[in-house]
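Chain by chain, the residues:
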Amino acid sequence: MQKGYYTEGTLLMSDENREYTGSIDGIERAMQEGRILEGIASKAGGGHELTVEFGEFTGIIEKDEVQLTFGEGVKDIAVITRVGKPVCFKVISVERKRVGAPIIKLSRRAAQLECTKNYLAQLRAGDVIPAKVTHLEHFGAFVDIGCGIVSLLSIDSISVSRISHPGDRLSIGGELRVVVRSMDKNDEGLPTRVYVTGRELLGTWEENAALFSVGQTVTGRVRSVEPYGVFVELTPNLAGLAEYRSDVVVGQCAAVYIKNIIPERMKIKLVIIDAARSLSAGSEGIVHDEITHIDRWRYSPDGCDRVVETVFSDGD
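Thresholds applied
- Residues numbered from 1 in each chain as written.
- Predicted model: local features only at pLDDT ≥ 70, side-chain atom pairs only at ≥ 80, totals over all residues.
- Heavy atoms only, no water.
- Buried < 20%, exposed > 50% of the residue type's maximum accessible area, 1.4 Å probe, protein only.
- Helix = DSSP H or I, 4+ residues; strand = E, 2+ residues; numbered from the N terminus.
- Pairing = 2+ DSSP bridges.
- Core = buried A, V, L, I, M, F, W, Y, C linked by side-chain atoms within 4.5 Å.
- Salt bridge = Lys/Arg side-chain N within 4 Å of Asp/Glu carboxyl O.
- Phe/Tyr/Trp six-rings, centres within 6.5 Å; stacked < 30°, edge-to-face > 60°.
- Patch = residues over 30% accessible without salt bridge, like charges linked within 9 Å, V, L, I, M, F, W, Y side chains within 5 Å.
- Areas by Shrake-Rupley, 256 points an atom, 1.4 Å probe, with all protein chains shown as cover.
- Lys, Arg positive; Asp, Glu negative; His and termini not counted.
- Charge placed at Lys NZ, Arg CZ, Asp CG, Glu CD.
- Axes fitted to C-alpha atoms, helices over the stretch in contact; angles between N-to-C directions.
- Contact = heavy atoms within 4.5 Å.

S.K.: For this particular structure, what's the right way to read the pairing of strand S12 (residues 229-235)?
M.R.: Regular strands place their side chains on alternate faces of the sheet. In terms of burial, S12 is largely enclosed, as 6 of its 7 residues are buried. For strand S11 (residues 217-226) and S12, the ladder comprises 5 bridges, and the chain directions are antiparallel. Note on S12: the bridge partner recorded for Ser-224 is Phe-231. Counting the residues in the hairpin turn of S11 and S12 gives 2 residues. Where S12 lies against strand S13 (residues 238-242), 5 bridges are found, and the strand directions are antiparallel. Paired with Thr-235 across the strands is Leu-238, a residue of S13. Adjacent in sequence and paired antiparallel, S12 and S13 are bridged by 2 residues.

Given below as structure tokens:
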């Protein structure tokens, strides 16, 4: 597993991690080999250092070693919020004692710097990578893209179908695949910030619309209620429009009749048959798990006047 750079928590229960953290000799060997290991942050001290438990041992990550930063210090909140969670680290020193436990110094920063140099810096716009949701805000989801390095997945990049909050689609700790949209780099060419997107892996309008046909009655979720109509999500990348009804609310599931499918206008006309929270949420839609790189993604059908697409370029 050491050949890759994984989201935090992936290595914690692995055989390799257990082997290296199972003895003081293993910990020293990990230091000599420059291995990245994982443990659980058990507490933050008064000086905002992290205490990390792994195997039968305890190590300390000093505040400045908690997180990789470029030209700014580590904020206290970055230390506090790690407590109770897995953290990756490299062993930077081991001091054996004749009596008592050894003093083991660790660095999460060193693990993240290696990940940045050997993994993130090699990525190109359009590359598809694994990620894990760390927390949610109204404007998007923050995702771990390797060794606890966080990237923003903005709410409009989660899916084509509009949602009111990332929690409508994602959950903390959930794993997903994302596409590298762009990077900010420093003078040394190292990424200081990585931007990602996810909707390009959920299929085009045509791919999603092909799951349905005129005359069907299916279920979906109400995503928006406007004066001119109700938008009902049929899949994460496909929504249709029904006539306005005052008795439906955002978040409800709805049984809808498909009245018409119009590719040239990228429209699906619906009739709401019933709406209730007890109904199922509808189809999961298209998920492209096999894609590893995208240069250009066009959501719109050919011949449609409205063009929705993403062009991935390292020059952007």
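S.K.: What's the story with the nonpolar core in this structure? I'm lost.
M.R.: The nonpolar side chains of soluble globular proteins are, as a tendency, buried together. Counting residues in each nonpolar core, the largest one holds 29 residues, and the members touching the most others are Leu-234, Leu-238, Val-256 and Leu-270. Broken down by secondary-structure element, the contributors of at least two residues to this core are helix H6 (205-209), S11, S12, S13, strand S14 (253-262) and strand S15 (267-276). In terms of nonpolar packing, the next biggest core, distinct from the first, is built from 27 residues, Ala-131, Val-178, Val-180 and Val-194 among them.

S.K.: Honestly, the environment of Ala-210 in this entry has me stumped. Any pointers?
M.R.: Looking at where Ala-210 falls in the secondary structure, it is placed in the loop between H6 and S11. The class for Ala-210 is exposed, based on a relative accessible area of 62%.

S.K.: What's the story with the pattern of salt bridges in this structure? I'm lost.
M.R.: Close approach of charged atoms lets side chains of opposite charge pair. This structure, assessed with the given rule, holds 17 salt bridges. In this structure, Arg-82 engages Glu-8 in a salt bridge whose closest nitrogen and oxygen atoms are separated by 3.1 Å. Here Glu-8 lies in the segment before helix H1 (15-21) and Arg-82 lies in the loop between helix H3 (76-80) and strand S4 (86-95), a separation of 74 residues in the sequence. A relative accessible area of 14% means that Arg-82 is categorised as buried. The exposure class assigned to Glu-8 is buried, which follows from its relative accessible area of 7%.

S.K.: Sorry if this is basic, but what is going on with the pairing of strand S9 (residues 175-185) here?
M.R.: Here strand S6 (residues 128-137) pairs with S9 via 5 bridges, running antiparallel. Residue pairing across strands places Ile-129 opposite Val-178, the latter belonging to S9. The pairing of S9 with strand S10 (residues 191-197) spans 6 bridges and is antiparallel. From the neighbouring strand, Val-179 faces S10, where its bridge partner is Thr-197. Here S9 folds back onto S10, and the loop between the two strands holds 5 residues, one of which, Gly-189, carries a positive phi near 85°.

S.K.: So what exactly am I meant to see when it comes to the packing of aromatic side chains here?
M.R.: Where two aromatic rings form a pair, the distance of their centres and the angle of their planes describe that pair. Per the stated rule, a full pass over the model turns up 5 aromatic pairs. Judged by centre distance (5.9 Å) and plane angle (90°), the ring pair of Phe-139 and Phe-142 falls under edge-to-face. For Phe-139, a relative accessible area of 37% puts it in the partly exposed group. Judged by centre distance (5.7 Å) and plane angle (40°), the ring pair of Trp-297 and Tyr-299 falls under tilted. The buried category is assigned to Tyr-299, whose relative accessible area is 5%.

S.K.: Whenever I open this one, a positive patch on the surface confuses me. Can you help?
M.R.: Among the surface-exposed residues, Arg-162, Lys-259, Arg-265, Lys-267, Lys-269 and Arg-306 lie close enough to one another that they form a single positively charged patch. By the secondary structure assignment, Lys-269 is in strand S15.

S.K.: Can you help me understand the sheet that holds strand S1 (residues 37-44) in this one?
M.R.: The strands making up a sheet are joined through hydrogen bonds of the backbone, oriented either antiparallel or parallel. Pairing is mixed in the closed barrel, where 5 strands are placed in the order S1-S2-S3-S5-S4. The average undirected angle you get between the axes of adjacent strands in this sheet is 50°. Here S1 pairs with S4 via 4 bridges, running antiparallel. Looking at S4, one finds that Ile-40 is bridged to Pro-86. Here helix H2 (residues 24-33) sits on the sheet and contacts S1, strand S2 (50-54), strand S3 (57-61), S4 and strand S5 (103-107); the angle it forms with S4, its principal contact strand, is near 95°. Together, S3, S4 and S5 form the strand contacts of helix H4 (residues 108-118), whose direction differs from that of S4 by roughly 115°.

Purely geometric stuff here, so don't read any function into it on its own.
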